[in-house]
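Spelled out from the first residue to the last, the chains are:
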Amino acid sequence: TTIERFRYYGIGGSISYPFTRFKRIDVGVNWFNIHQDELLYGEAFGFESRTISTMLFTAGYNYDNAVWAYTGPFFGDRMHIGVTFSPKFGKNGLGFTTMTADLRRYFMLGREYSLAVRLAGGASVGPNPTRFLLGGVTNWINYKFARDIDFDLVRDYYFSQFVSPMRGADYYEMIGERYFIANFELKFPLIQYFITRFPLPLGFQNVRGAIFTDIGSAWSGNAFRAFNKNENGDRVLQDVLAGFGWGLRTPFLIGLLRLDQAWATDLSQISKPKWYISFGIDF
């Protein structure tokens, strides 16, 4: 057992330039420093302190004309294309270029019905490429981890990107230097008012339902293979995660409460259901 201490500090700035009401570009520069110590045993037992000091140059193009409803965007389009460049300065620097793209479209199927479609992907290259951590949902309260990540790899904490929602999977289900994800979610009204007296007096309103499918993968190098055959000769997913399920969304206290139930599948078998309780807006 060890006790690790991470300290990070730096300074940065960014500039946004809007072309129109819906389009803008963002550029930024950040000087980023991380210092890692082992507090329990220290250097006397061979544990050395580690420091990372690097410059991050970022640029991105954003388009957003989405119209919002109670739980998130309801109609319109959202797009982000970005790049982060870190030149390797000295022995404590990191060298990488990370490129990402996120495209979302919201189809209004009726006054209170909407279909959300999201396609996103990214890649990181260079001597110290960053990682994409695929699985789970943002602000997951009853979270579970599929694996641990190495404390020695500081970039796994400060330079990696979480990719979600990937329901049917746990956090860190897939880790790689490249990723893609596709999300499809049908949103609809479910309950206008819901009031309980026992065991606690609680009231909910504008409860909305969702039916979703999530498909994604994260991998490194050229080791990606989408399909394979199992022992029965059936075509199944190999390096791709797929999940489907249903969910509820309702305003609660100061945020939006989300409850999802999802199943994972490899096209041949279906897993036991996983429950996700989380706070935050829909994608």
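Owing to the predicted nature of the structure, the values given are computational and were not obtained by experimental measurement.

A.B. asks: Explanation requested: empty space enclosed by the protein in the structure shown.
C.D. replies: A probe matching the size of a water molecule, rolled over the atoms, marks out where space remains unfilled. Evaluated as defined, the whole model comprises 1 cavity of 30 Å³ or more. The space that makes up the largest cavity amounts to roughly 30 Å³. Lining the largest cavity we find Ala69, Thr71, Gly72, Pro73, Phe74, Lys187 and Arg208. Residue composition of the lining of the largest cavity, by class: 3 nonpolar, 2 polar and 2 charged.

A.B. asks: Just to check I follow, could you spell out the pairing of strand β3 (residues 50-64) for this structure?
C.D. replies: A regular strand places its side chains so that they alternate between the two faces of the sheet. Where strand β2 (residues 23-38) lies against β3, 14 bridges are found, and the strand directions are antiparallel. When the sheet's bridge partners are listed, Val27 is paired in β3 with Ala59. By the bridge criterion, 8 bridges tie β3 to strand β5 (residues 73-86) in an arrangement that is antiparallel. Within β5, the position partnered with Asp64 by the bridge is Arg78.

A.B. asks: What should I look at first to understand the layout of surface pockets in this one?
C.D. replies: What the largest pocket holds in volume is close to 690 Å³. Together, 32 residues line the largest pocket, and Asp102, Arg104, Arg118, Gln161 and Phe162 are the ones closest to its centre. At the level of elements, β5, β6 (96-108), β9 (161-163), β11 (178-196) and β16 (255-264) are the ones that each hand at least two residues to the lining of the largest pocket. Looking at the lining of the largest pocket, its residues break down into 12 nonpolar, 10 polar and 10 charged.

A.B. asks: How do you make sense of the pattern of salt bridges when you look at a structure like this?
C.D. replies: Should their charged atoms come close, side chains of opposite charge can pair. The full count for this structure, using the stated rule, is 12 salt bridges. The salt bridge partner of Arg167 is Asp214, with a shortest N-O separation of 2.7 Å. Taken together, the positions of Arg167 in the loop between β9 and β10 (174-176) and Asp214 in strand β12 (residues 202-219) put the pair 47 residues apart, joining distant regions of the chain. Taken as a pair, Arg167 and Asp214 share a single burial class, namely buried. Put simply, Asp260 and Arg249 hold a salt bridge, and the shortest N to O gap is 2.8 Å. Of this pair, Asp260 sits in strand β16 while Arg249 sits in strand β15 (residues 241-252), and the two are 11 residues apart along the sequence. When its relative accessible area of 2% is taken as the criterion, Asp260 is described as buried. Via salt bridges that share partners, Arg167, Glu185, Asp214, Arg249, Asp260 and Asp282 belong to a single interconnected network.

Reading the values: rules and limits
- Residue numbers restart at each chain and count upward from 1, following the sequence in its written direction.
- It should be noted that, the model being predicted, local features are given only for residues of pLDDT at least 70 and side-chain atom pairs only at 80 or more, the latter also being counted only at that level, while totals for whole chains, interfaces and linings use all residues.
- Excluded from the side-chain calculation are hydrogens and water; included are all heavy atoms of the structure.
- Method remark: on a 1 Å grid restricted to protein atoms, a set of points is classed as a cavity if a 1.4 Å probe fits but cannot get out and as a pocket if it is open with protein on both sides within 12 Å along at least five of seven lines; lining residues have an atom within 4 Å of a point.
- Grid points are joined across faces, edges and corners, and a volume is the space filled by probe spheres set on the points.
- In this classification, the charged set is Asp, Glu, Lys and Arg, the nonpolar set is Ala, Val, Leu, Ile, Met, Phe, Trp, Tyr, Cys and Pro, and all remaining amino acids, among them Gly, are polar.
- Two strands form a pair only when DSSP identifies at least two bridges running between them.
- Helix and strand definitions follow DSSP, with helices as H or I runs of at least four residues and strands as E runs of at least two, each counted in order from the N terminus.
- Any carboxyl oxygen of Asp or Glu within 4 Å of a side-chain nitrogen of Lys or Arg constitutes a salt bridge here.
- With a 1.4 Å probe rolled over the protein chains alone, any residue whose accessible area is under 20% of its type maximum counts as buried; one over 50% counts as exposed, and the rest are partly exposed.

So far we have only geometry, and geometry alone does not tell us how the molecule works.
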